[in-house]
Amino acid sequence: NSNPGAMDTPPAIPNSDQPAPQTPPVQPSGDQAKAFQKIYNFAKENGGAKFPGLVAGIAMHESGHLNAPNSVFMQTGGTNAFGQTGDRGWGTIPRKGHSVGWTKYPDLQTGVSDHITLWHDTKNHPDNYNAHATPQAGLNAVLGSYSPNSDPSNKALGYTESGYQNNVLKIMGSNGVL
């Protein structure tokens with residue numbers, strides 16, 4: 001599930017899959033770099049992600065670098081940096097317009113671990129991120145499962161799979177892990 005508030009770069013053509021114009025990598029601010037490193041370190045400690053930088057890049061995109069005031073991350077008390085939905089054993093918070101709520105975790109590290117289990121572990125799904133040789137190939141394969149293209153409210157705002165992928169890869173590159 002994409003978090004529209006977390007998009008750094010809108011697509012070049014709203015409501016299309018045309019990628020945003022390429023911009024040179026920008027060094028993240030101190031707080032952004034610290035947020036990325038925090039998630040990256042949790043992913044490394046967990047050990048289940050082939051690409052811990054991808055885990056961190058997705059979290060930064062989804063949560064506005066753990067700082068977007070209206071993000072799912074903030075609404076869950078800083079535990080769900082990925083926009084994960086459904087009760088994963090710790091409850092949910094309401095998700096406007098949907099019967100399934102946003103997942104609430106006991107802490108951020110548990111949220112990172114659950115994201116890795118759901119989206120990286122090939123025992124959970126054989127085509128998850130860990131099945132691929134590069135983060136780009138993984139995004140190409142997995143992104144359709146939680147595609148912004150399939151959410152009418154996101155499409156209306158111009159959020160697309162290519163915009164999501166470009167932003168995650170841009171975040172990874174600016175943090176030196178791509």
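Here is what the cut-offs are and how they apply
- Residues numbered from 1 in each chain as written.
- Predicted model: local features only at pLDDT ≥ 70, side-chain atom pairs only at ≥ 80, totals over all residues.
- Heavy atoms only, no water.
- Helix = DSSP H or I, 4+ residues; strand = E, 2+ residues; numbered from the N terminus.
- Buried < 20%, exposed > 50% of the residue type's maximum accessible area, 1.4 Å probe, protein only.
- Contact = heavy atoms within 4.5 Å.
- Areas by Shrake-Rupley, 256 points an atom, 1.4 Å probe, with all protein chains shown as cover.
- Phe/Tyr/Trp six-rings, centres within 6.5 Å; stacked < 30°, edge-to-face > 60°.
- Lys NZ or Arg CZ within 6 Å of the ring centre and 35° of its normal.
- Axes fitted to C-alpha atoms, helices over the stretch in contact; angles between N-to-C directions.
- Parallel < 35°, antiparallel > 145°, perpendicular 65-115°, else oblique.
- Left-handed = near helix turned anticlockwise from the far one by under 90°.
- Nonpolar A, V, L, I, M, F, W, Y, C, P; charged D, E, K, R; others polar.
- Expected span 1.5 Å × (residues − 1).
- Polar contact = N/O pair within 3.5 Å; in protein donor to acceptor, adjacent residues only side chain to side chain.
- Salt bridge = Lys/Arg side-chain N within 4 Å of Asp/Glu carboxyl O.

## Focus: the overall build of the protein chain
A tally of helices and strands in the protein chain yields seven helices and two strands. Seen in sequence order, the protein chain has helices and strands lined up from the N terminus as α-α-α-β-β-α-α-α-α. Classification of the 178 residues of the protein chain by burial places 49% in the buried group. Relative to all contacts within the protein chain whose residues are 6 or more apart in sequence, the contacts with residues 24 or more apart total 57%. When the accessible surface of the protein chain is summed, it comes to about 8,400 Å², and 51% of that surface belongs to carbon and sulfur atoms.

## Let's talk about the packing of aromatic side chains
Any pair of aromatic rings gets described here by the distance separating the centres and the angle formed by the planes. Counting across every chain of the model gives two aromatic pairs. When the centroid spacing of 6.3 Å and the interplanar angle of 20 degrees are considered together, the rings of Phe36 and Tyr40 count as stacked. Of this pair, Phe36 and Tyr40 both sit in helix 1 (residues 30-46), separated by four residues, roughly a single helical turn. Seen in terms of ring centroids, Trp90 and Tyr105 are 5.5 Å apart; in terms of plane orientation they differ by 50 degrees. Their pairing is tilted. Here Tyr105 lies in the loop between strand 2 (102-103) and helix 4 (108-119) and Trp90 lies in the loop between helix 3 (72-75) and strand 1 (92-93), a separation of 15 residues in the sequence. Over the ring of Trp102 we find Arg95; its NZ or CZ atom is 4.8 Å from the centre of that ring.

## Considering the packing of helix 1 against helix 2 (residues 52-63)
Between helix 1 and helix 2, whose axes approach to 8 Å, the crossing angle comes to 135 degrees. Taken as axis vectors, helix 1 and helix 2 run oblique relative to one another. Judged by the sense of rotation from one axis to the other, the crossing of helix 1 with helix 2 is right-handed. Each of Gln32, Ala35, Phe36, Ile39, Tyr40, Ala43 and Lys44 in helix 1 lies in contact with helix 2, whose residues at this interface are Pro52, Gly53, Val55, Ala56, Gly57, Ala59 and Met60. Of the residues that constitute the contact of helix 1 with helix 2, the class distribution is ten nonpolar, three polar and one charged.

## Considering unusual backbone geometry
Positive phi is not limited to glycine here, since His65 has a value of about 60 degrees. Inspection of the secondary structure puts His65 in the loop between helix 2 and helix 3. Here His65 falls in the buried class, since its relative accessible area comes to 10%. In this model, Leu66 sits at a positive phi of 60 degrees, which is unusual for a non-glycine residue. Tracing the sequence through the fold places Leu66 in the loop between helix 2 and helix 3.

## A short note on helix 4
The end-to-end C-alpha distance of helix 4, which contains twelve residues, comes to 16 Å, matching closely the 16 Å that a straight helix rising 1.5 Å per residue would cover. All buried positions along helix 4 are accounted for by Leu108, Gly111, Val112, Asp114, His115, Ile116, Leu118 and Trp119. Next to the buried residues of helix 4 lie helix 1, helix 2, helix 3 and helix 5 (135-142). N-capping of helix 4 is provided by Asp107, with a side-chain oxygen placed 3.2 Å from the backbone N of Gln109.

## Observations regarding the pattern of salt bridges
Throughout the structure, instances matching the rule amount to one salt bridge. Ionic pairing is found between Arg88 and Asp114, a salt bridge with its closest N-O pair at 2.7 Å. On the criterion of sequence distance, the pair formed by Arg88 in the loop between helix 3 and strand 1 and Asp114 in helix 4 is long-range, its members being 26 residues apart. Given a relative accessible area of 33%, Arg88 falls into the partly exposed group. Its relative accessible area of 8% is what places Asp114 among the buried residues.

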